[in-house]
Amino acid sequence: MNSDISLSSERGNRFYQGTAATLVANALQAVNFLGDRFLRKLPHSLSAIEDLYRHAMDSAFSATEPFLVTGAPHASAYYPRDFAWFYPDVLAPETIMDAQDAVRRARLLDKSVRLLLEAVRAGVVTTTIVPAGRGRYLGVNYFSPPSDTLLGIIAGLQQMISADERAPSYLAMSQCAHAGRLLLAEYGGDLKRATLKLASELEPFEHDGTGYLLCDASGPRSAATDTRAERRRFVTNACVYTTFVWSVQLGIVDENELKRLLGRDLAQYKKDLLHLFGGDGFIRHSLDGPKGPSASAVALDFVSVHRGFWDLNDASERALFAATADLIIAEPRFRIPSTFHFLVSADNPRNKMIHKIAAPAYQGRSSWPTFNVEFADRMLDYDEFSASDTYRSCAQGILKDIRTATELHGGYPELISEQGLKYRTWAYQGAVAHSWFPRFLSVWRRAYGSPLLKWDD
């Protein structure tokens with residue numbers, strides 16, 4: 001929407017979007033970040049991994065929280081993409097401590113997904129939703145229209161619906177799954193409209209005489225690494241493809257409807273993206289940057305999201321993944337020395353002024369533990385489908401070093417600096433990521449064959 005108007009939801013919440021809403025949202029977010037910067041309590045004194053996890057879960061899924069959030073300093077706004085990127089395993093049984101923990105998680109996920117679906121119904125599909133008091137919410141984009149917001153919302157709904165499919169299953173999980181199916185029935189039409197709109201927004205792009213479809217051919221769209229501010233990025237287009245696939249899997253849209261809009265089926269659409277971004281034998285993170293050494297042309301976010309773009313069934317797809325992974329593993333600039341902490345990129349991306357002031361290396365020369373966890377999980381996917389142990393030791397090394405950093409810093413860190421220290425800038429004083437912690441436990445169990453933490457029956 002381009003005008004400053006409000007839209008009502010059936011549950012009494014109102015969503016605003018437009019220039020005025022953006023100004024107000026920016027002011028509220030500035031206050032939130034200032035409050036976090038100067039008023040946040042001292043870090044917890046715990047150091048044992050089990051104690052840290054319990055503290056993180058009590059904080060992340062407190063009964064007093066109004067919605068599910070990443071953690072400080074982001075605890076005052078919704079980031080819909082996070083359900084796909086950062087916490088797809090909120091309801092994973094091996095991460096749940098007890099029945100009470102299960103109830104808290106299910107309730108908070110339900111409340112969060114319901115509100116995000118109301119935003120979709122209101123036509124507000126933005127990167128960020130900022131509460132403005134008394135059932136009022138402001139939709140705002142930082143710093144370009146999203147490629148993965150709808151993906152995150154569908155991921156949250158998908159997680160609810162499948163909550164009772166894994167053992168052991170708590171009563172809260174079956175209740176959550178039932179609630180998810182009711183939400184899909186109620187809001188399925190709204191999700192369909194939003195998905196088809198996303199498909200209709202794809203733009204033609206020609207390369208070497210072949211026509212492709214991109215979500216960002218003429219202007220940037222944001223994904224989890226949105227501060228790159230680049231067009232024609234692999235990760236943004238991988239997110240859009242995954243949105244379409246998950247929408248078909250949930251019965252939100254029929255693939256034939258997408259095929260009519262795209263002029264090709266989803267399998268061909270994916271092949272096109274692999275051919276376009278993988279033409280050099282590895283996955284280039286962007287077509288819109290200067291040519292340079294191979295390691296400068298890739299980025300860790302190519303791993304995308306859990307059960308997302310990469311299914312690795314096809315040998316040629318596995319070859320592209322392996323070539324890109326090998327570039328990252330072999331390049332010293334991608335790694336914090338003497339660790340398996342991989343940085344987002346070998347070179348700093350283009351930064352806007354706000355990033356130079358508030359978070360100068362947020363998307364570049366810093367390590368995101370959650371991206372490293374997904375890197376490890378894709379490595380395990382590769383080994384599974386290739387019937388090999390090519391990457392298992394590297395995946396285990398990644399997870400072991402994340403555990404060490406978590407115990408060292410007193411919590412699961414959102415970012416680790418290029419020097420391997422806690423990420424400290426003016427706006428991000430050692431940001432924590434409580435709600436990302438369960439994903440780490442899930443991948444740890446897969447990598448090692450046994451859980452990191454065991455709960456009393």
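Take the state of the cysteines next. Throughout the structure, instances matching the rule amount to zero disulfides. Unpaired in this structure, C239 has its nearest cysteine sulfur neighbour in C215, at a distance of 8.3 Å.

Another aspect to go through is the packing of aromatic side chains. Overall, the coordinates contain 32 aromatic pairs when judged by the stated rule. Ring centres of Y53 and W455 lie 5.5 Å apart, and the angle between their planes is 25°; on these two criteria the pair is classed as stacked. One end of the pair, Y53, is in helix α2 (residues 49-60); the other, W455, is in the segment after α14 (437-448), and 402 residues separate them in sequence. For the residue pair Y53 and W455, the accessibility class agrees, reading buried in each case. Taking the centre distance of 6.1 Å and the plane angle of 10° together, the rings of W368 and W436 count as stacked. Note that W368 is positioned in the loop between β7 (366-367) and α12 (369-386) and W436 in the loop between β8 (416-417) and α14, a separation of 68 residues in sequence. Both residues of the pair, W368 and W436, count as buried. Over the ring of F309 we find K270; its NZ or CZ atom is 5.0 Å from the centre of that ring. Just above the ring of F340 sits the side chain of R335; from NZ or CZ to the centre is 5.0 Å.

This part covers the nonpolar core. Within the largest apolar cluster, 140 residues are counted, with the highest numbers of intra-cluster contacts made by F244, Y269, F302, F375 and F440. With 13 residues, the top contributor of residues to this core is helix α6 (residues 171-200). Sequence-distant contacts of F375, that is, excluding residues within four places in its chain, are made with L300, F302, V303, F321, A325, I328, I329, F342 and I398. Judged by nonpolar contacts, the second largest core, of eight residues, contains A21, A25, V130 and Y142.

With that settled, the discussion passes to the side chain of R439. In this structure, R439 sits in helix α14. The class for R439 is buried, based on a relative accessible area of 4%. In this structure the side chain of R439 is engaged in a polar contact, spanning 3.1 Å, whose partner is the side chain of H306. Look past the residues within four positions of R439 in its chain and what remains in contact with it is F86, P88, D89, H306, V373, E374, D377 and R378.

Along its 16 residues, helix α10 (residues 315-330) runs 22 Å from first to last C-alpha, staying within 8% of the 22 Å computed at 1.5 Å per residue. Taken together, the buried positions of α10 are occupied by E317, R318, L320, F321, A322, T324, A325 and I328. Elements in contact with the buried residues of α10: α9 (266-277) and α12.

Once that is clear, we can look at α6. Taking 1.5 Å of rise per residue, the 30 residues of α6 would be expected to cover 44 Å, and the 41 Å separating its terminal C-alpha atoms lies within 8% of that figure. Of all the bends found along α6, the most pronounced is centred on Y187 and spans about 60°.

The next thing to look at is the layout of surface pockets. Unfilled space is identified by rolling a water-sized probe across the atoms. In this structure, the largest pocket spans a volume of roughly 920 Å³. D89, Q158, R166, H306 and R307 are the residues nearest the centre of the largest pocket, which is lined by 38 residues in total. Within the residue set of the lining of the largest pocket, elements represented by two or more residues are α3 (82-85), α5 (149-161), α7 (234-249), α12 and α14. Looking at the lining of the largest pocket residue by residue, the classes come out as 16 nonpolar, eight polar and 14 charged.

For the structure on display, the rule yields 32 salt bridges. Where R114 meets D110, a salt bridge forms, and the shortest distance between an N and an O atom there is 2.8 Å. Of this pair, R114 and D110 both sit in helix α4 (residues 99-121), separated by four residues, roughly a single helical turn. Residue R333 pairs with E331 through a salt bridge whose shortest N-O separation is 3.0 Å. Through salt bridges with shared partners, a single network forms among D89, R166, E374, D377, R378, D381, E384, R439 and R446.

For a regular strand, side chains alternate in direction, first toward one face of the sheet and then toward the other. Bridging between strand β5 (residues 203-207) and strand β6 (residues 210-214) involves five bridges; their strand directions are antiparallel. Looking at β6, one finds that E206 is bridged to G211. In this antiparallel pair of consecutive strands, β5 and β6, the connection spans two residues, and D208 shows a positive phi of 55°.

Topologically, L34 is positioned in helix α1 (residues 19-39). In the structure, L34 is positioned 374 residues away from L408 in sequence and 26 Å away in space, judged by C-alpha atoms.

Glancing now at the confidence of the model for the protein. Averaged over all residues, the pLDDT of the protein is 89; the fraction at 70 or higher stands at 92%. Of the regions scoring below 50 in pLDDT, residues 1-9 engages in 24 contacts with residues more than four places distant in sequence or in other chains.

This part is about the environment of F205. Tracing the sequence through the fold places F205 in strand β5. Once the C-alpha coordinates of F205 and E165 are considered, the two residues, 40 residues apart in sequence, prove to be 41 Å apart. Discounting residues that sit within four places of it in the chain, F205 has contacts with T210, G211, Y212, L214, A217, R232, L276 and L287.

The pairing of strand β3 (residues 128-131) with strand β4 (residues 136-140) spans four bridges and is classified as antiparallel. Looking across to β4, one finds that P131 is bridged to Y137. Connecting β3 to the antiparallel partner β4 that follows it, the hairpin turn spans four residues, and G133 within it adopts a positive phi of roughly 90°.

So, how was this worked out
Residues numbered from 1 in each chain as written. Predicted model: local features only at pLDDT ≥ 70, side-chain atom pairs only at ≥ 80, totals over all residues. Heavy atoms only, no water. Disulfide = S-S within 2.5 Å. Phe/Tyr/Trp six-rings, centres within 6.5 Å; stacked < 30°, edge-to-face > 60°. Helix = DSSP H or I, 4+ residues; strand = E, 2+ residues; numbered from the N terminus. Buried < 20%, exposed > 50% of the residue type's maximum accessible area, 1.4 Å probe, protein only. Lys NZ or Arg CZ within 6 Å of the ring centre and 35° of its normal. Core = buried A, V, L, I, M, F, W, Y, C linked by side-chain atoms within 4.5 Å. Contact = heavy atoms within 4.5 Å. Polar contact = N/O pair within 3.5 Å; in protein donor to acceptor, adjacent residues only side chain to side chain. Expected span 1.5 Å × (residues − 1). Bend = angle between axes of the 7 residues up to and from the residue. 1 Å grid on protein atoms, 1.4 Å probe; cavity = no way out; pocket = protein on both sides within 12 Å on 5 of 7 lines; lining within 4 Å. Points joined across faces, edges and corners; volume = space filled by probe spheres on them. Nonpolar A, V, L, I, M, F, W, Y, C, P; charged D, E, K, R; others polar. Salt bridge = Lys/Arg side-chain N within 4 Å of Asp/Glu carboxyl O. Pairing = 2+ DSSP bridges. pLDDT = per-residue confidence, 0-100.

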